[in-house]
Each structure stands twice: as structure tokens, then as C-alpha cells.
Amino acid sequence: KAVVSTQSGHYGRENTYDGLTRIKNVQQIEMGRARMTPWYFSPYPQGLCNLPVIYICEFCLKYLKSENCLKRHKIKCKLYHPPGNEIYRKNNISVFEIDGRKNKNYAQNLCLIAKLFLDHKTLYYDTDPFLFYVMTEYDQFGLHMVGYFSKEKESSEDYNVACILTLPCHQKKGYGRLLIEFSYLLSQVEGKLGSPEKPLSDLGLLSYRSYWSNAVLEALIQYLDSPTESPPSLTILELCDRLCMKKEDVISTLQHLNLIHYYKGQYIICLSNEIIDQHRKSMFRRKVRIDDKYLQWQPKDWSKRGKW
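Read on for an overview of the structure. (Residues numbered from 1 in each chain as written. Predicted model: local features only at pLDDT ≥ 70, side-chain atom pairs only at ≥ 80, totals over all residues. Heavy atoms only, no water.)

Turning to the pairing of strand S15 (residues 266–269), a few remarks are in order. Two strands pair when backbone bridges link them, and strand S14 (residues 260–263) and S15 are joined in this way by four bridges, in the antiparallel orientation. Note that in S15 the partner of Ile260 across the bridge is Ile269. (Pairing = 2+ DSSP bridges. Helix = DSSP H or I, 4+ residues; strand = E, 2+ residues; numbered from the N terminus.)

Quick look at the nonpolar core now. Nonpolar side chains tend toward joint burial in soluble globular proteins. If you look at the biggest cluster of nonpolar residues, it comprises 37 residues, and the most contacted ones within it are Tyr133, Met135, Phe182, Leu239 and Leu295. Of all the secondary-structure elements, those providing two or more residues to this core are strand S7 (85–90), strand S8 (93–99), strand S9 (130–139), strand S10 (142–152), helix H4 (175–190), helix H5 (202–225), helix H6 (236–243) and helix H7 (247–256). Those residues in contact with Leu295, other than ones at most four positions away along the chain, are Ile87, Tyr88, Phe182, Leu185, Leu186 and Val189. Core analysis: the next-biggest nonpolar cluster, separate from the first, contains 32 residues, Cys49, Ile56, Leu116 and Phe130 among them. (Core = buried A, V, L, I, M, F, W, Y, C linked by side-chain atoms within 4.5 Å. Buried < 20%, exposed > 50% of the residue type's maximum accessible area, 1.4 Å probe, protein only. Contact = heavy atoms within 4.5 Å.)

Among the secondary structure elements, His170 is positioned in the loop between strand S12 (163–166) and H4. Within the structure, the side chain of His170 is placed 3.3 Å from the side chain of Lys173, a separation counted as a polar contact. Aside from chain neighbours lying at most four places away, what touches His170 is Glu137, Met145, Val146 and Tyr175. (Polar contact = N/O pair within 3.5 Å; in protein donor to acceptor, adjacent residues only side chain to side chain.)

Moving on: H7. Each turn of an α-helix holds 3.6 residues, which means side chains three or four residues apart point in the same direction. Within H7, the full set of buried residues consists of Asp249, Val250, Thr253 and Leu254. With its buried residues spanning 130 degrees around the axis, H7 presents them on a single face. Positioned one or two residues after H7, Asn258 has a phi angle of 55 degrees, which is positive. (Arc of directions from axis to C-beta.)

A few words on the pattern of salt bridges. Summed over all chains, the structure comprises 15 salt bridges. As a salt-bridge pair, Arg280 and Asp225 come within 2.8 Å of each other at their nearest N and O atoms. Taken together, the residues span a long stretch of sequence, with Arg280 in helix H8 (residues 273–285) and Asp225 in helix H5 at a distance of 55 residues. In this structure Arg280 comes out as partly exposed when scored by relative accessible area, which is 41%. (Salt bridge = Lys/Arg side-chain N within 4 Å of Asp/Glu carboxyl O.)

Moving on, we get to the sheet that holds strand S3 (residues 29–31). Spatially, the four strands line up as an open sheet ordered S4-S3-S5-S6, and their pairing is mixed. Edge positions in the sheet fall to strand S4 (34–36) and strand S6 (63–64), since each has one partner strand and no second. As judged from the two bridges shared by strand S5 (residues 54–56) and S6, these two strands associate in the antiparallel manner. Residue Ile56 lies in a different strand from S6, and its bridge partner there is Tyr63.

All chains considered together, the criterion is met by ten aromatic pairs. Measuring from ring centre to ring centre gives 5.0 Å for Tyr133 and Phe149, while their planes differ by 20 degrees; the resulting arrangement is stacked. Of the two residues, Tyr133 sits in strand S9 while Phe149 sits in strand S10, which places them 16 residues apart along the sequence. Among the aromatic residues, ring-to-ring pairing joins Tyr88, Tyr133, Phe149 and Phe182 into one connected group. The ring centre of Trp302 lies 4.8 Å from the NZ or CZ of Lys153, which sits over that ring. (Phe/Tyr/Trp six-rings, centres within 6.5 Å; stacked < 30°, edge-to-face > 60°. Lys NZ or Arg CZ within 6 Å of the ring centre and 35° of its normal.)

In C-alpha cells form, the structure reads like this:
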């Protein structure tokens with residue numbers, strides 16, 4: 001059962017076991033007040049996989065075989081939030097940065113959970129090269145994880161996300177978009193153009209396509225609303241810098257929205273009043289946004305830190 005490295009820097013089992021690792025092996029997990037049915041295989045211990053439910057501490061992510069074991073664990077577990085540094089807090093939403101080397105057990109348990117709901121995810125052993133950003137929702141009992149994304153400490157391609165997941169019990173609440181928005185805020189502070197690691201899952205592509213579309217439209221409308229030259233002139237590269245998005249993502253989004261056209265020997269961006277009105281209505285319905293004023297974070301130069 002050797003572990004082999006893939007080109008993306010993630011880790012998986014050898015091809016001999018590929019057939020086994022595609023069969024869903026966990027019936028249900030219970031985490032906090034939610035009981036969830038997994039979608040895919042995850043390499044939990046075989047003894048636990050034979051049980052009807054795996055119980056997971058929602059704060060330290062330790063997995064246990066019974067509800068009684070979980071109750072005994074809660075007496076000893078002193079965590080009421082993820083480990084690591086809280087780098088963002090606004091109202092009841094917080095984000096914690098967790099080093100995959102310093103908090104190895106937590107990071108590996110997080111990867112085991114994520115593997116239950118991500119078919120393409122293969123990282124669950126070597127977490128040292130990764131940072132994990134866990135988003136939580138606060139109530140009187142603690143800070144409960146709603147989702148997370150991971151990123152490499154050093155990415156040659158400047159990927160700002162390696163894997164991203166909103167827990168199924170918290171989907172359809174806007175947390176996926178908040179996680180994506182937060183990843184681009186970190187890219188902005190780093191002074192880089194970011195992009196998620198490819199290929200994206202089908203669900204991931206839908207989420208990113210939605211975020212990119214709104215971000216591009218918002219930037220274009222803000223530019224049109226600001227005093228500027230007539231006719232307005234904004235290049236693709238300027239749009240990339242405004243959004244901290246890679247050029248290929250901006251162009252594919254413009255094409256997806258059918259906003260880019262060839263006219264008199266040059267490409268132009270056309271925004272109709274209908275598209276502008278639709279976007280403004282959509283943004284009005286969004287109640288929660290990431291606010292950069294509440295970020296307390298400085299990027300680290302991992303190339304100068306030896307082996308992380």
C-alpha cells in the first residue's frame with residue numbers, strides 16, 4: 001500500500017488499489033449536529049468502515065467508533081475551534097490558518113473527511129507542504145467548521161487553492177463562494193494572480209464559474225461607473241490585476257458570459273443594460289461578503305524557511 005506522488009503534488013495509492021479506492025466504504029458520519037452520507041471512498045480504518053456510523057469530534061476531527069466514545073472524548077477535548085491562527089473574523093464567520101506540518105493530525109483528519117465528498121481528492125498522508133484555511137460559524141457552543149480550502153506553501157504555478165470543500169450540511173448557504181472570495185483576498189495581499197489547481201471537479205467548476213462571473217461583472221460595472229475617459233478603455237491585463245485572477249480565467253469567463261466580441265480589427269467587451277441589471281439584482285441578494293478590513297494576516301516567504 002505504498003504512497004506515490006503525482007504531478008500535482010498530491011498523494012494517492014498505487015494503481016493496483018485504484019479499483020478498491022473508488023468504492024464508497026463509509027455508510028455515514030456524524031459531526032456535531034449533522035449526520036452526513038458520504039459520496040466517495042476515504043481510507044478510514046477498516047474496523048470503522050464496517051460500522052453504520054463513524055462519529056467525528058467537530059473541533060479536533062478525531063474519529064471514534066461509537067457515541068459513547070465521542071461523549072468520553074468530549075470531556076477530555078479542550079478545543080472549541082480549529083487549531084492554528086484565527087486570521088479573519090466578522091460577525092459569526094471566522095477563518096483559521098492551519099499549518100499541515102505543525103498540526104499534522106488535524107490536517108490528516110480533515111483530508112479524510114474531505115475525501116468522503118471529493119472524488120478527485122487524493123491528499124491524505126503528506127500534509128506538510130500545505131496550509132489549510134478552515135471557515136467556521138460561531139454559536140454559544142463554539143466555532144463549527146462549515147468548509148475549508150487548502151493551498152501549497154510554495155506553488156510554482158501560483159495556485160491559490162489545491163482543494164476546496166463546503167460540508168454537505170452547510171451547502172446552499174453561500175459558504176463556497178465565501179471560501180473562493182477569501183482565497184483571492186489572500187492572493188491580493190500576496191500581490192499575486194491566483195487560480196485554483198486544475199482540473200476542477202464538476203461541482204468546483206460550477207462554483208468557480210459563478211464566482212468569476214460575478215467578480216468580472218462587478219469590476220466592469222465599477223469601472224463604467226467611475227469617471228474615466230470616453231470611450232472607456234480597460235485591458236484584459238488591467239482586469240486581471242484588479243481581480244487578482246489569471247488571464248486564462250478572465251478570458252474564459254468573458255467568453256462564458258458572451259461579453260467579448262471582435263469588432264473592426266480588435267476585441268471589445270460589450271455590456272448590455274440587461275446584464276448589468278441582472279448582476280445588480282444578484283449582488284443585492286448576497287447578504288454576506290468577505291470584508292478585507294477584518295483580515296489579520298501577513299504572507300510568509302516559505303522559500304526561506306527550509307523544509308517548512
